[in-house]
Each structure stands twice: as C-alpha cells, then as structure tokens.
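As a plain string of letters, each chain reads:
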Amino acid sequence: MNTKHSYQLQLNNVQNRIVAACEQADRDENSVQLIGASKTKPANMIRDFFDLGLTNFGENYLNEAIEKQKQLADLNITWHYIGQIQSNKTKLIANHFDWVHGVDRLKTAQRLNDQNSTEKSLNILIQINLDNEASKAGIPLNEALSLSKHINKLPNISLRGFMALPKSRENFAEQKACLVKLKHLLDDINQDLDINLDTISAGMSNDLEAAICAGTTMVRVGSDLFGART
Ligand SMILES: *Cc1c(COP(=O)(O)O)cnc(C)c1O
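Residues numbered from 1 in each chain as written. Predicted model: local features only at pLDDT ≥ 70, side-chain atom pairs only at ≥ 80, totals over all residues. Heavy atoms only, no water.

Draft legend 1. Seen up close, the site of the ligand. Surrounding the ligand, one finds Ala-37, Lys-39, Asn-60, Ile-82, Leu-165, Met-204, Ser-205, Arg-220, Val-221, Gly-222, Ser-223 and Arg-229. At a separation of 2.8 Å, an oxygen atom of the ligand approaches a polar backbone atom of Gly-222. A majority-of-atoms criterion places the ligand in the largest pocket. (Near = heavy atom within 4 Å. Polar contact = N/O pair within 3.5 Å; in protein donor to acceptor, adjacent residues only side chain to side chain. 1 Å grid on protein atoms, 1.4 Å probe; cavity = no way out; pocket = protein on both sides within 12 Å on 5 of 7 lines; lining within 4 Å. Sits in = over half its atoms within 2 Å of the grid points.)

Draft legend 2. Focus on the pairing of strand β1 (residues 33-37). With 4 of its 5 residues buried, β1 lies for the most part within the structure. In this structure, β1 lies alongside strand β8 (residues 218-221), joined through 4 bridges in parallel fashion. Residue pairing for β8: Gly-36 is matched across the bridge by Val-221. Here β1 pairs with strand β2 (residues 56-59) via 2 bridges, running parallel. (Buried < 20%, exposed > 50% of the residue type's maximum accessible area, 1.4 Å probe, protein only. Helix = DSSP H or I, 4+ residues; strand = E, 2+ residues; numbered from the N terminus. Pairing = 2+ DSSP bridges.)

Draft legend 3. Fine view of empty space enclosed by the protein. Scanning all chains against the criterion turns up 1 cavity of 30 Å³ or more. If you add up the space inside the largest cavity, you get close to 30 Å³. Taken together, Leu-179, Leu-182, Lys-183, Ile-200, Ala-202, Ala-211, Ala-214, Gly-215 and Thr-216 make up the full set of residues lining the largest cavity. Ranked by residues supplied to the lining of the largest cavity, first place goes to helix α7 (residues 172-193) with 3 residues. A breakdown of the residues in the lining of the largest cavity according to their chemical character gives 6 nonpolar, 2 polar and 1 charged. (Points joined across faces, edges and corners; volume = space filled by probe spheres on them. Nonpolar A, V, L, I, M, F, W, Y, C, P; charged D, E, K, R; others polar.)

Draft legend 4. Quick peek at the layout of surface pockets. Volume-wise, the largest pocket comes out at about 380 Å³. Lys-39, Asn-60, Ile-82, Leu-165 and Met-204 are the residues nearest the centre of the largest pocket, which is lined by 21 residues in total. Its residues assigned to classes, the lining of the largest pocket shows 8 nonpolar, 9 polar and 4 charged.

What follows is the structure in structure tokens.
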C-alpha cells in the first residue's frame, strides 16, 4: 500500500467519524470543520493531505510553521495558530495565520490587532481553561464575558468564538459534559452582547465525537490523521 493511499484511508476514517457524530447529534455534517493539527509533521505530508482535500491546518510552533508555510506557499491553505502565544511573537502570528485559537489576554488581542498588516481580518478565538489547570493557558468561564466585550471592539481582528483544550477523559458522557459548557457560553455571550459568535474549537483525536455532540464547530485532529508523533 503506498503512502498516499494510507493517507487517504486515515483522512476518510476521520471524516467518516465526523459525519457519524453529526448524524448522531442531528447536525449538518458541513457544520464541523476539520483542522489537521500538523505539528512535527513535514511539509510534504501536509501537501499530500492538501491534495486529498484537507485545506485547514493548525500549527503550534511558530518557527516550524513559518518554515513549512514557505515550502507550501503555492497552496491555498487556511492556517490556524493553535500553540501557546508569546507576546513578543504576536507580529509574526498576526501575519502568518488566518486564525489564532489561544487568545487569553486583552493585551495579546490588542497586539494582534495593531500588528496585523495583512488585508485579511484575523479570526480570534478566546481560550477557556475549562478544568482550571495551572499548566494550561486560557481564562476561567466567568471571565469570558468581559474579555469578549473588549476584544470584540478591536477593529482589525474578528472575534469568532471560543477554544478549549480540556483534560483528557476516557468517558464519552464526561467529555461531552465538559465541552458543552463552551456551547452554553457561546449562546450566553451572543445574547448578552447581542453579537453573533459562530465558532467553537474543541475536539481532538480521542474526543471529537463528544465535542461534536456538545456543539463544537472545529475539531483539531493530529495523531488520528497523520499518525502518532514521536
Ligand atoms: C496536538 C494538538 C491537537 C491534536 O491532538 P491529537 O490528540 O493528536 O489529535 C489539537 N489541539 C492542539 C492545541 C494541539 O496542540
């Protein structure tokens, strides 16, 4: 079996899981976007998956991402920054990505806003620390309203919703119960601020079904698409 053929099978497998979960949740299968979390994987693997129809890729490490973007500049990829944001790197992030998933401070949002010199408006997701883990970025749920209100006023970026990276749980019901908090948050904030946030980024290889049942709109899948990372 050649490599491209096994990539096709891996992509089909993840796409079929998304379709099945949408069916189970009574959702339109087009309401969930698949993002390939391609950290540590080479540019030519991204190119192969792009050829198979995957157009959205998420990267965690800035230098690695920029190097791969150079090699893939001929492809119309939508790039997501899904790593930790260092504030001295916001200019590079603003100018190399279409989406930034992990914003958790107004200062970071302001810098991304001020330093975005592209034509495009940068799409922003606020990271929520659902399990209040000290090791992870993100704000507690009860700070989301205030931060959303301030970020939403910035003219050169577009607040789109929320992202989370919850603790790994094995049990479907527990995964869903945790992730559904993001959906409630999105609905509450849309109502309170009279806005239309439309994106929830949550769900990875081991919890994408629960995330879809909980209302997520973007799943970030790495190992089940590209193989385990070493
Ligand atoms: C690596 C990564 C993923 C993908 O995780 P898998 O378990 O390999 O699917 C998703 N989101 C973020 C933020 C990541 O760093």
